[in-house]
Amino acid sequence: MVVSNRLPFVISRAADGTLVSRPGSGGLVTALLPVLRDRGGVWVGWPGIADRDGDVDAALATATGKAGYQLAPVALSAQEQAGFYYGFSNEVLWPLFHDLHSLCIFDPEFWRVYCEVNRKYAQVVLENTHGDDFVWVHDYQLLMLGSELRHAGLDTPLGFFLHIPFPPLDIYLKLPWRFTLLRALLEFDLIGFQTLRDQRNFTDCVRTLLPEAGFTHRGQMVQIGDRQVRVGCFPIGIDAAAFERQAHSEQVAADAAALHAQVNHRELLLGVDRLDYTKGIPLRLEAFRTALRKYPDLQERVTLIQVVVPSRDDIPQYRDLKIRIEQLVGEINGEFTRPGGWVPIHYVYRALDRLKLIAYYRAAQIALVTPLKDGMNLVAKEFCASSVKRTGVLILSEFAGAAAQLQHGALLVNPYDLDGTADAIHRACLLPAAERRRRMGLMRRNVRRQDVFRWVNRFLEAAFAHDLDAFPLPDDYVPSAEAEHAYWSTELD
Ligand code: GDG
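Per-chain numbering applies: the sequence of each chain, read as written, is numbered from 1 onward. For this predicted model, a pLDDT threshold of at least 70 governs which residues receive local features, and a threshold of 80 or more governs which side-chain atom pairs are given and counted, while totals over whole chains, interfaces and linings are taken from all residues. Note that water and hydrogens are dropped before the side-chain values are worked out from all heavy atoms of the structure.

1. Quick look at the sheet that holds strand β6 (residues 135–138)
Paired through their backbone hydrogen bonds, the strands of a sheet run either parallel or antiparallel. In spatial order, the strands read β5-β4-β1-β6-β7-β8-β11-β10-β9; together these nine strands make up an open sheet with mixed pairing. Each end of this open sheet is capped by a strand with a single partner; those strands are β5 (69–73) and β9 (214–216). Each strand of the sheet is rotated relative to its neighbour by a mean of 25°, with strand direction disregarded. DSSP-based pairing: two strands are paired if at least 2 bridges between them are found. Labels follow the DSSP assignment, with helices taken as runs of H or I lasting at least four residues and strands as runs of E lasting at least two, numbered in each case from the N terminus. Sheet topology places strand β7 (residues 158–161) next to strand β8 (residues 190–193); three bridges connect them, and they run parallel. When the sheet's bridge partners are listed, Phe160 is paired in β8 with Ile191. To define axes, lines are fitted to C-alpha atoms, for helices over the stretch in contact only, and angles between the resulting N-to-C directions are given on a 0 to 180 degree scale.

Okay, here's the thing in structure tokens:
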């Protein structure tokens, strides 16, 4: 059983009053839908429409068709959704866990609704679970679910995976409900993180805040009361084979060629992000401006296509961010556009359909993935899988979880360093074809080998491993602490 905030299909009411479903977007759906199609099971989550409506079940049944898995909706009122999702999840946990505590609104009412809604999810899990199910809970919206399920008497194995970063101790300490949340997490039997960075941050918090907890198995087993909790790091992957296959298709090849023609065969830089302040879009645009100023040879030679996918636009900070991005695009185009000719930034504010997105990936010579902090960042991996001619260069933030795996092929940047990022853009443009192929080859191998199916298998293996000495994962999967240290102690400049 998979439990996440949203179901993989979003239900909405059409103009004629009927309910229609469309596939959801975002990293989690992209990652888990192929897995459920593969294995079957039940997915519990919010269907995207307020309150319970008789037709929701029918619309969900139509959405899955004969796909072999079921969807169990959690009915939430608009008020619950406001306190739980917009409130506690996205105005407390999201900024805090991305180290942006100054953006947090620690409203006790948000916390109350968050706990209440986690209880509602627990109810739907209990209604749909059978004795031997493994319940796999996803992400920061459901941190209290393990504890709610235990209170309701469920004693089957529970797994939890955090898709976003876990913050360092001194940031986590700001959370008024820090003890309750940490204890609730320890009600799961396995807690998975994206990177060693996050796992270590979590372990530091447990050591400091819960001195009664003990650690064994090289820090990967927490002993608390009579419970043993496994803690591991499981970097999420993508369905790399599907991306490669689609990137090879005739339609994608034709769309990619058309994109090149549209920008007059200039060097194509690409940014693709949800509208989110963690993705570092304004700083990236400023770095692009710095590059055009500092390296005039880039002018008329490069075009940046920035795709921004609308997201969370009910939250004021997201609306402000959109205005800031549009202002910067206007300023930069105003400074450099050649009337009747080159426009440096093409700005796209909408979601693209998947094949179009892959055409953008395939066409781009350089991808700019520069989040301020990111659990993993699937766009980086999707770009590599779609760069079938191995001509793409990935400029990647050191603070994306993906950097731990892709560090040897990507050009790593500190997104706060405008000069450094501008230098990387210039360097990427001048990178010889053989070097591009070598770097992209390394990343493509990694993305192909450590794909989403392997991620699921490793998580489930860790949940069910009887031989606890075999529990620490093999070094080829998780970057070792030594490798990580070597990376951080290397001067980037
Ligand atoms: C969270 C964590 C972690 C984007 N634009 C379009 C589109 N997308 C798809 C991409 C990709 C997904 O959305 C974005 O995934 P990310 O990983 O980049 O970011 P989050 O949504 O913040 O995801 C993140 C992830 O969970 C998984 O664990 O990596 O760190 O924050 O798959 O393809 N899809 C379509 N059109 C678009 O225009 N169809």
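2. Things to note about the state of the cysteines
Two cysteine sulfurs form what is called a disulfide whenever their separation falls within 2.5 Å. Overall, the coordinates contain zero disulfides when judged by the stated rule. Summary of cysteine pairing: Cys233 is not part of a disulfide, and the nearest cysteine sulfur, belonging to Cys205, is at 16 Å.

3. Points about the site of the ligand
Whether a residue is near a molecule or strand is decided by its heavy atoms; if any one of them lies within 4 Å of it, the residue is near. By nearness alone, 23 residues border the ligand, and His163, Leu352, Asp374, Leu378 and Glu382 come closest of all. Between N or O atoms, a polar contact is any pair within 3.5 Å; within protein, one atom must be a potential hydrogen donor and the other a potential acceptor, and residues adjacent in sequence are included only when both atoms are from side chains. The separation between an oxygen atom of the ligand and a polar side-chain atom of Glu382 is 2.5 Å. Computed with the Shrake-Rupley method and a 1.4 Å probe, the accessible areas treat only the protein chains shown as cover for residues. Starting from 740 Å² of accessible surface for the ligand in isolation, the protein chains cover 90%. Elements with a contribution of two residues or more to the shell around the ligand: α1 (27–39), β12 (267–274), α13 (354–363) and α14 (378–386). Only Asp, Glu, Lys and Arg are considered charged, only Ala, Val, Leu, Ile, Met, Phe, Trp, Tyr, Cys and Pro nonpolar, and every remaining residue, Gly among them, polar. For the shell around the ligand, the class distribution of residues is 11 nonpolar, seven polar and five charged. For the shell around the ligand, the domains that each give at least three residues are domain 1 (2–233) and domain 2 (240–449). These domain boundaries are the output of an automatic or database domain assignment.

4. So, the environment of Phe399
Looking at the element boundaries, Phe399 is found in the loop between β16 (393–397) and α15 (403–406). Separated by 15 residues in sequence, Phe399 and Asn414 have C-alpha atoms that sit 7.5 Å apart.

5. Thoughts on the domain arrangement of the chain
The domain boundaries assigned to the chain delineate domain 1 (2–233) and domain 2 (240–449). When each unit is reduced to the centre of its C-alpha atoms, the spacing between domain 1 and domain 2 is 30 Å. Each partner contributes to the interface: domain 1 provides 21 residues, whereas domain 2 provides 18 residues. Two parts placed together each lose some accessible area under a 1.4 Å probe, and adding up what both lose gives the buried area. Buried surface at the junction of domain 1 and domain 2, summed over both partners, amounts to about 1,700 Å²; 60% is from carbon and sulfur atoms. For the domain 1 face of the interface with domain 2, the top three residues by lost area are Tyr86, Trp94 and Arg197, together amounting to 31%. A side-chain nitrogen of Lys or Arg and a carboxyl oxygen of Asp or Glu constitute a salt bridge if their distance falls within 4 Å. Here domain 1 and domain 2 share one salt bridge between them. The residue Asp99 makes a salt bridge to Lys373 at a minimum N-O spacing of 3.1 Å. Elements represented by at least two residues in the side of domain 1 that touches domain 2 include exactly α1 and α3 (78–97). Within the side of domain 1 that touches domain 2, the residues separate by chemical class into 11 nonpolar, seven polar and three charged. Throughout, a contact is declared for two residues whenever any of their heavy atoms are within 4.5 Å.

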